[in-house]
Amino acid sequence: MNIRKRANTKLRPEVNRIIFVRNLPFKTTSEELFEIFGRYGPIRQIRKGVAGKTKGTAFVVYEDIYDAKNAVDHLSGFNVGGKYLTCLYYKHKTQPKAGGI
Amino acid sequence: NEVLSNSLPYWSRGMKDDRNTPLTDEDLDKILPKDGYEIINPPESYRPI
């Protein structure tokens, strides 16, 4: 049972749950994507690039921000089909605002 | 506001900011590009750990 250091680890501002993955081999299947990324935690959604220039890239959204951080830390440079993955936190402006308390 | 801390929703306990609130599909559609991308569904064998 891996005990994750959760609440007290301070996350840097750019860390978030959406990971932009580049350098994926074109033949990577959905199952492979879920298998590679699913190891780090429950996945909210995966969008795979299918058109010309988006091929070989994907957006992987995790349920939990700590899982996303864990995945980026481990998967950057991960070898898939002879290519080394690039994993970046996807900087998006519309960060959902929590409801006022 | 110690009293409030346990009344916070489960996803934001221990997190000051709101980066862990659940994302709805609309949120994702607003954030992520749609053209050139397709949402793939998890295979049956996929069991979130």
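Quick caveat: nothing in here was measured; it's all calculated off a predicted structure. (Residues numbered from 1 in each chain as written. Chains lettered and ligands numbered in written order. Predicted model: local features only at pLDDT ≥ 70, side-chain atom pairs only at ≥ 80, totals over all residues. Heavy atoms only, no water.)

(A) Fine view of the nonpolar core. Of all hydrophobic cores here, the largest spans 27 residues; its most connected members are A:Ile19, A:Val21, A:Phe37, A:Ile43 and A:Tyr62. Counting only elements with at least two residues in this core, the list comes to β1 (18-22), α1 (30-38), β2 (43-49), β3 (58-62), α2 (65-75) and β6 (86-89) of chain A. Top element by residues in this core is α2(A). It accounts for six residues. In this structure, A:Val21 is in contact with A:Phe37, A:Gly56, A:Thr57, A:Ala58, A:Val60, A:Leu85 and A:Thr86, ignoring residues within four places of it in sequence. Within the second largest apolar cluster, nine residues are counted, among which are A:Phe59, A:Val61, B:Leu28 and B:Leu32. (Core = buried A, V, L, I, M, F, W, Y, C linked by side-chain atoms within 4.5 Å. Buried < 20%, exposed > 50% of the residue type's maximum accessible area, 1.4 Å probe, protein only. Helix = DSSP H or I, 4+ residues; strand = E, 2+ residues; numbered from the N terminus. Contact = heavy atoms within 4.5 Å.)

(B) How the structure looks around the sheet that holds β6(A). With antiparallel pairing, five strands are arranged side by side in an open sheet as β6(A)-β1(A)-β3(A)-β2(A)-β1(B). Lying at the two open borders of the sheet, with one neighbouring strand each, are β6 of chain A together with β1 (37-40) of chain B. Looking at each pair of strands side by side, their axes are set apart by 25 degrees on average, direction ignored. Examined bridge by bridge, β1(A) and β6(A) share four bridges and lie antiparallel to one another. Residue pairing across strands places A:Ile19 opposite A:Tyr89, the latter belonging to β6(A). (Pairing = 2+ DSSP bridges. Axes fitted to C-alpha atoms, helices over the stretch in contact; angles between N-to-C directions.)

(C) Highlighting α2(A). Taken together, the buried positions of α2(A) are A:Ile65, A:Tyr66, A:Asp67, A:Ala68, A:Ala71, A:Val72 and A:Leu75. Once α2(A) ends, the next one or two residues include A:Gly77, with phi positive near 85 degrees.

(D) Here's a closer look at the interface of chain A and chain B. Of the residues lining the interface, 44 residues belong to chain A; the matching set on chain B comes to 32 residues. Around 3200 Å² of area is buried between chain A and chain B when both sides are counted, 61% of it from carbon and sulfur atoms. The largest contributions to the chain A side of the interface with chain B come from A:Arg17, A:Phe34 and A:Arg47, which together make up 22% of the buried area. Linking chain A to chain B there are two salt bridges. (Buried area = accessible area lost by both parts, 1.4 Å probe. Salt bridge = Lys/Arg side-chain N within 4 Å of Asp/Glu carboxyl O.)

(E) Local environment of the UniProt feature "domain: RRM" (unreviewed entry) in chain A. The positions that UniProt labels "domain: RRM" (unreviewed entry) are, in the present scheme, residues 17-92 of chain A. As annotated, residues 17-92 of chain A comprises 26% helix and 33% strand, and the C-alpha atoms at either end are separated by 11 Å. (UniProt positions renumbered as here; feature names shortened; annotations may be inferred.)

(F) Looking closely at the pattern of salt bridges. If you walk through the whole model with that rule in mind, you get six salt bridges over all chains. Of the charged contacts in the structure, one is a salt bridge between A:Glu14 and A:Arg12, with a shortest N-O distance of 2.9 Å. You can call A:Glu14 partly exposed: its relative accessible area is 32%. A:Arg47 is paired through a salt bridge with B:Asp29; the nearest N and O atoms lie 2.4 Å apart. Separated into two different chains, A:Arg47 in strand β2 and B:Asp29 in helix α2 (residues 25-31) make up a pair that spans both. Residue B:Asp29 is classed as partly exposed on the basis of its relative accessible area of 31%.

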